[in-house]
Amino acid sequence: MTKVHGYAAHGAASPLGPFAFERRDPGPRDVEIDIQFCGVCHSDLHTVRNEWANSVYPVVPGHEIVGRVSRIGSAVTGFKAGGIAAVGCMVDSCRTCPECEAGLEQYCQHGAILTYNSPDKHLGGMTFGGYSNRVVVDEAFVLRVSDKLNLAAAAPLLCAGITTYSPLRHWGVGKDSKVGIVGLGGLGHMGLKFAHAFGAHTVLFTTSPGKTADARRLGADAVVMSRNPDEMKRHAGSFDFILDTVAAPHDLDALTSLLKRDGTLCLVGAPATPHPSPMVFNLIFKRRRIAGSLIGGIAETQEMLDFCADRGITCDVEMIPIQQINTAYERMLRSDVKYRFVIDMASLPRA
Ligand code: NAP
Ligand code: ZN
Ligand code: ZN
């Protein structure tokens, strides 16, 4: 066992603070990673505050992890000590169910083991995430990041990147598509970059007028204030696909009305309380769909990372020392993040 330093929340109302715990030594198939950077996802905040009513404390969040390999198990073939390695939202799954066989481990019928707040089959208790200096993960769930990319700016690809890349690919977004991205936060800014990179006509829907110039720089062809009904009406019935990244409940009818016949509104934002029920007539008259999507499988995450290395795509990040994590959460709740906080793990106290 190795002693690890991290930051944890001990209850829904308590701030994150220093927390020491133990990780397993690497087994034959394990990769041990010294964490350099970890992105801050809104899911971390939902979990820390028990907004999904499934948190088991202490919670050590963090699932956008990049670092250097410190040790490998005897059977590891794909990683070497000193190399770059990354971990996203999952650290294991059953590997035999049809979903796992299809490379869709996130939909494992037995439940994927998430990087934090999931049962830890090795040590008992729950898994602890990337707000820590070290992690040990089975090679099959460790990703490769090109050294061409800035590692801090690549970290949020591991969740914000794949969560937007996967549905845009699944619904075949390309140069003939008109695509909407709702919400310009961590996920939304990567949605803009990918939709633009895939050649789509890309429109941002935002509640923040101050984000217009950034949205255009990030890949938006147009920017719409989603709380202005006149601006919304101008786009009625014109979208092939809309990706909704908003972390709070809101009116879905305003968005489904913008879809063409057979268009899809895909929800990736995961608010703690439900959206108001959508109008059925708004769907049946144009055979529109409301769908959902969860992160992406391991193979697709690697494909996304390779695509990013090829195209030079990374995230727009604001670096913070871990001591600022509680303030960062408050700023995230005010939609005041450009566009992802990343923790520099060198700041972690190691008493
Ligand atoms: P984030 O950085 O906080 O971004 C969310 C954005 O939504 C905000 O920047 C804001 O953009 C917009 N917004 C916030 N409150 C709003 C409101 N009341 N009405 C309309 N728009 C609002 O969060 P994130 O890290 O991107 O995560 C977004 C959501 O996705 C979270 O619920 C998270 O848990 C979930 N998530 C899901 C998956 C998955 O696999 N499905 C993976 C990761 C995260 P504007 O200022 O532009 O309006
Ligand atoms: Zn996430
Ligand atoms: Zn499975």
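Only a predicted model underlies this, so the values are computations on that prediction, with no experimental measurement involved. (Residues numbered from 1 in each chain as written. Chains lettered and ligands numbered in written order. Predicted model: local features only at pLDDT ≥ 70, side-chain atom pairs only at ≥ 80, totals over all residues. Heavy atoms only, no water.)

1. Quick word on the coordination of the zinc ion (ligand 2)
At 2.0 to 2.2 Å from the zinc ion (ligand 2) lie its protein donor atoms, namely C41 (SG), H63 (NE2) and C159 (SG). Spacing between the donor residues of the zinc ion (ligand 2) along their common chain follows C-x21-H-x95-C. Taken together, the residues C41 in the loop between β3 (30-39) and α1 (42-48) and C159 in the loop between α3 (151-154) and α4 (160-170) connect sequence positions 118 residues apart. (Donors = N, O, S within 2.8 Å, 3.2 Å for Na, K, Ca; no water. Helix = DSSP H or I, 4+ residues; strand = E, 2+ residues; numbered from the N terminus.)

2. Digging into helix α5 (residues 186-197)
Taking 1.5 Å per residue as the helical rise, α5 with its 12 residues ought to reach 16 Å, and the 17 Å between its terminal C-alpha atoms agrees with that figure. Among the 12 residues in α5, 11 count as buried, and that is most of the element. Among all positions in α5, only G186, L187, G188, H189, M190, G191, L192, K193, F194, A195 and A197 are buried. Contacts made by the buried residues of α5 are with α4, β9 (178-182), β10 (201-206), α6 (212-218), α10 (298-311) and β16 (340-344). Where α5 ends, the next residue or the one after it, G199, has phi of about 90 degrees, a positive value. (Expected span 1.5 Å × (residues − 1). Buried < 20%, exposed > 50% of the residue type's maximum accessible area, 1.4 Å probe, protein only. Contact = heavy atoms within 4.5 Å.)

3. Considerations on the site of ligand 1
Near ligand 1 lie 30 residues; those nearest to it are T206, T207, S208, K211 and R340. Within the side chain of T206, one N or O atom sits 2.5 Å away from an oxygen atom of ligand 1. One nitrogen or oxygen atom from the main chain of V268 is found 3.0 Å from a nitrogen atom belonging to ligand 1. Coverage of ligand 1 by the protein amounts to 91% of the 930 Å² it exposes when considered alone. At the level of elements, α1 and α5 are the ones that each hand at least two residues to the shell around ligand 1. It is α1 that provides the largest number of residues to the shell around ligand 1, a total of three residues. (Near = heavy atom within 4 Å. Polar contact = N/O pair within 3.5 Å; in protein donor to acceptor, adjacent residues only side chain to side chain. Areas by Shrake-Rupley, 256 points an atom, 1.4 Å probe, with all protein chains shown as cover.)

4. A short note on the pairing of strand β15 (residues 317-321)
Pairing of β15 with β16 involves five bridges; the strand directions are parallel. Looking at the pairing, M319 lines up with V342 of β16. Between β15 and its parallel partner β16, the chain crosses via helix α11 (residues 325-333), and the hand of that crossover is right-handed. (Pairing = 2+ DSSP bridges. Right-handed = clockwise from strand over helix to strand, strands pointing away.)

5. A short note on the pattern of salt bridges
If the charged atoms of two oppositely charged side chains come close together, the side chains can form a pair. Applying the stated criterion to the full structure yields 20 salt bridges. Here R71 and E32 are joined by a salt bridge, their closest N and O atoms 2.9 Å apart. With R71 in strand β4 (residues 65-72) and E32 in strand β3, this residue pair connects regions lying 39 residues apart in the sequence. Between D262 and R261 there is a salt bridge, with the nearest N and O atoms lying 2.8 Å from each other. What makes D262 partly exposed here is its relative accessible area of 25%. The exposed category is assigned to R261, whose relative accessible area is 60%. Overlapping salt bridges, with partners in common, bring together D25, E32, D34, R71 and R134 in one network. (Salt bridge = Lys/Arg side-chain N within 4 Å of Asp/Glu carboxyl O.)

6. Considering unusual backbone geometry
Backbone geometry follows two general trends: most residues other than glycine have a negative phi, and most peptide bonds adopt the trans configuration. Here the bond from Y57 into P58 is cis, since omega is 0 degrees, no more than 30 degrees from zero. With respect to the secondary-structure elements, P58 resides in the loop between α1 and β4. Geometrically, the link from K338 to Y339 is a cis peptide bond, its omega value of -15 degrees lying close to zero. Position of Y339 relative to the elements: it lies in the loop between α11 and β16.

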